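# Architecture at a glance
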Amino acid sequence: MKLTNIDMNMLQAVTDLKKVPDGAVNIRLNGEAVVRSSSPNIEIRSRTDGRPGFEVEVKAGTRGEKVHVPVLVTQDAYKEKVYNTFIINEDAEVEIIAGCGIHNSCGADSQHDGIHTIIVKENARMRYVEKHYGEGSGSGKRVLNPHTEVIMEKGASAEMEMVQIEGVDDTRRTTVAHVGEKANLKIIERLLTQGQQEAESDIEIVIAGQYGNAQILSRSVAQQKSQQVFRAALIGKTACTGHVECDSIIMGQARIQSIPQLDAEDAEAVLTHEAAIGKIAGEQLIKLMSMGLTEQEAIDLIIEGFLR
Amino acid sequence: MLKLEDIWMQVESENGENREILRGINLEFNTGKLYGITGPNGGGKTSLAKVIMGIYKHTKGRIFLNGEDISHLSITERAQRGIGYGFQQPPRFKGLTIGDMLAIAAPDADPKRRRLQLRAVGLCPEDYLDRDLGPGLSGGEMKRIEMAQLLLRDCKVSIFDEPEAGVDLWTIQKLIALIEGGYKHNPDKVAIIISHNENILPICDEIIVLEDGMVTDRGTANQVWHLIRDDIECKVRTRCQGDLEYEIDQY
């Protein structure tokens with residue numbers, strides 16, 4: 001199936017791809033896998049439980065491979081719920097490029113709910129990148145609700161970068177993770193909301209294995225009348241380390257709630273958090289203006305850097 | 001090149017009263033020369049620099065750049081006309097790298113020139129270009145980066161606000177050489193250095209002493225330096241004596 005210009009623009013926005021890549025790839029367009037191919041080490045297959053979605057399995061010992069699994073919604077007023085499972089087997093090393101672009105040009109809402117289960121097995125390493133983007137002239141909302149569950153086995157390591165670039169009117173993000181012995185999980189979330197957009201993110205990480213480590217780093221910018229709620233909970237059940245850092249820039253008449261939560265159930269658990277919400281520092285603006293930038297150029301640059 | 005005509009600046013103090021920070025400053029800065037501004041803390045040096053850059057609004061007087069009255073221009077417009085200010089305490093940015101900052105300073109400059117400029121202030125480009133301009137850098141490193149970007153901008157008027165602050169002795173010598181090399185006898189540029197440093201002030205063609213918002217002395221380093229030192233020492237002694245008497249009275 002040929003992808004249209006709108007499809008390709010959105011594909012580029014969420015994955016930086018200018019063409020369909022080689023190797024393991026699954027492009028879902030309006031509920032259909034329009035491109036699907038596996039590689040010798042990464043298999044992408046339909047689910048056996050009858051639910052919409054796929055399973056990706058990375059062979060044990062795989063090194064330095066990527067799998068692209070973007071979702072595109074371009075049909076007006078289209079709504080779907082999709083279930084995807086990723087199994088990264090022992091000692092494998094893989095980068096998963098996910099992401100969802102939603103184009104809506106009608107008065108009714110479009111919505112994609114992605115339910116992901118990610119299992120990172122013993123000593124496996126994963127980097128997961130998920131960008132969300134919305135566009136289109138319709139008054140209907142562009143809604144994206146990702147629900148992600150991560151299971152990290154002994155010695156596993158994962159970095160998850162979850163970004164909402166722009167154009168998503170409503171999002172409810174839920175991320176739950178279970179970190180095993182000596183496993184290491186880092187979640188980076190970057191979020192931009194504008195206009196009347198609303199974003200809610202709930203992250204809960206249970207560090208259950210000895211010497212496990214988890215970090216949640218969130219940076220967000222809320223502009224105009226948009227609203228954000230960010231909850232990040234770290235639960236340390238044993239000797240472990242964890243850190244939550246939430247940093248937000250608030251502008252216009254926006255509202256941000258940032259709620260870090262630490263729960264230590266063991267005297268050897270070391271959990272820390274930092275949270276800050278504030279407007280752009282005047283001295284930063286002045287500095288950039290004294291280098292010849294206009295006030296708006298300075299604001300745009302500070303935000304771009306902050307969310308980079 | 002740059003002319004300040006009867007510049008006054010007033011601020012409201014904490015008790016609600018108005019206080020004059022600058023009181024009738026008349027100065028002219030000409031190309032090819034290095035000017036030093038010195039004087040005791042709170043004398044109005046940084047305020048004057050920020051008034052020139054447009055960061056602070058003066059309450060009376062006019063500022064001319066090459067004959068044009070720039071008094072009502074914004075910070076951006078003054079920067080675009082060739083005025084540059086190296087901050088005493090440069091702000092930090094989360095997410096912007098040193099390379100980004102140098103690219104903003106000189107967007108059309110050859111990347112090689114940016115690297116050379118960074119090297120000139122004693123920072124290895126390979127180690128620094130991609131580093132965040134955030135809390136991971138020391139005050140001295142921030143200051144050197146500030147110098148690099150200001151020098152890179154090739155401004156007609158460059159104001160260095162305490163370039164020595166937080167910088168090690170070895171680097172201060174490098175910075176002095178850079179300022180001298182870039183501005184002394186340069187027919188298109190003027191440098192104004194706010195400093196208290198005994199190594200920096202002697203390179204200036206003229207030193208201006210600002211005290212209580214007024215110019216109280218001016219001349220070459222030889223003419224002015226001993227006056228400043230004696231005057232400041234005298235004031236410190238007087239103030240210390242006053243404090244001592246006060247403490248004895250209290251006791």
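Residues numbered from 1 in each chain as written. Chains lettered and ligands numbered in written order. Predicted model: local features only at pLDDT ≥ 70, side-chain atom pairs only at ≥ 80, totals over all residues.

### Description of the sheet that holds strand S3 (residues 42–46) of chain A
Residues and elements named next belong to chain A. Strands sit in the order S3-S4-S7-S10-S12-S14-S16-S18-S20 across an open sheet of nine strands; the sheet is mixed. A single partner strand is all that each edge strand has here, and the edge strands are S3 and strand S20 (255–264). When the angles between neighbouring strand axes are averaged without regard to direction, this sheet yields 10 degrees. Summarising the sheet, strand S10 (residues 110–120) and strand S12 (residues 142–152) pair through 11 bridges and their orientation is parallel. Looking at the pairing, Ile115 lines up with His147 of S12. (Pairing = 2+ DSSP bridges. Helix = DSSP H or I, 4+ residues; strand = E, 2+ residues; numbered from the N terminus. Axes fitted to C-alpha atoms, helices over the stretch in contact; angles between N-to-C directions.)

### A short note on helix H3 (residues 295–306) of chain A
Think of an α-helix as 3.6 residues a turn; residues three or four steps apart then line up on the same face. Residue and element names in this part refer to chain A. Between its first and last C-alpha, H3 extends 16 Å over 12 residues, near the 16 Å set by a 1.5 Å rise per residue. For H3, the set of buried residues is Ala298, Ile302 and Phe306. One side of H3 carries all its buried residues, which in axial view fall inside an arc of 65 degrees. Taken together, the buried residues of H3 touch strand S17 (212–222), strand S19 (240–250) and helix H2 (282–289). (Expected span 1.5 Å × (residues − 1). Buried ≥ 20, exposed ≤ 12 C-beta atoms within 10 Å, placed from the backbone. Arc of directions from axis to C-beta. Contact = placed C-beta atoms within 7 Å.)

### Some remarks on the pairing of S17 of chain A
All names here are of chain A. With respect to burial, S17 is a largely interior element, eight of its 11 residues being buried. As paired strands, strand S15 (residues 184–193) and S17 are joined by 10 bridges and run parallel to one another. The residue of S17 that forms the bridge with Ile188 is Leu217. The pairing of S17 with S19 spans 11 bridges and is classified as parallel. Paired with Ser218 across the strands is Cys246, a residue of S19.

### Focus: the interface of chain A and chain B
Contact residues are listed per partner, giving 16 residues for chain A and 17 residues for chain B. Where the side of chain A that touches chain B is concerned, the elements lending two or more residues are H2 and H3 of chain A. The residue inventory of the side of chain A that touches chain B, partitioned by class, reads eight nonpolar, five polar and three charged. (Nonpolar A, V, L, I, M, F, W, Y, C, P; charged D, E, K, R; others polar.)

### Digging into the confidence of the model for chain B
When pLDDT is averaged along chain B, the result is 90, and 90% of the positions lie at 70 or above. For this predicted complex, the interface confidence reaches an ipTM of 0.90, while the overall pTM sits at 0.87. (pLDDT = per-residue confidence, 0-100.)

### As for unusual backbone geometry
The phi dihedral of Lys182 of chain A falls on the positive side, at around 55 degrees, and the residue is not glycine. One non-glycine residue with positive phi stands out, namely Asn66 of chain B, at about 50 degrees. Note that Asn66 of chain B resides in the loop between strand S4 (60–65) and strand S5 (68–69). A count of 13 C-beta atoms within 10 Å places Asn66 of chain B in the partly exposed class.

### Focus on the environment of Arg190 of chain A
All names here are of chain A. Within the secondary structure, Arg190 is located in strand S15. Its 19 C-beta neighbours within 10 Å are what place Arg190 among the partly exposed residues. Taking the C-alpha atoms as reference, Arg190 lies 22 Å from Met152; in sequence the two are 38 residues apart. If near-sequence neighbours (up to four positions away) are discounted, Arg190 is found in contact with Val163, Arg219, Ser220 and Leu307.

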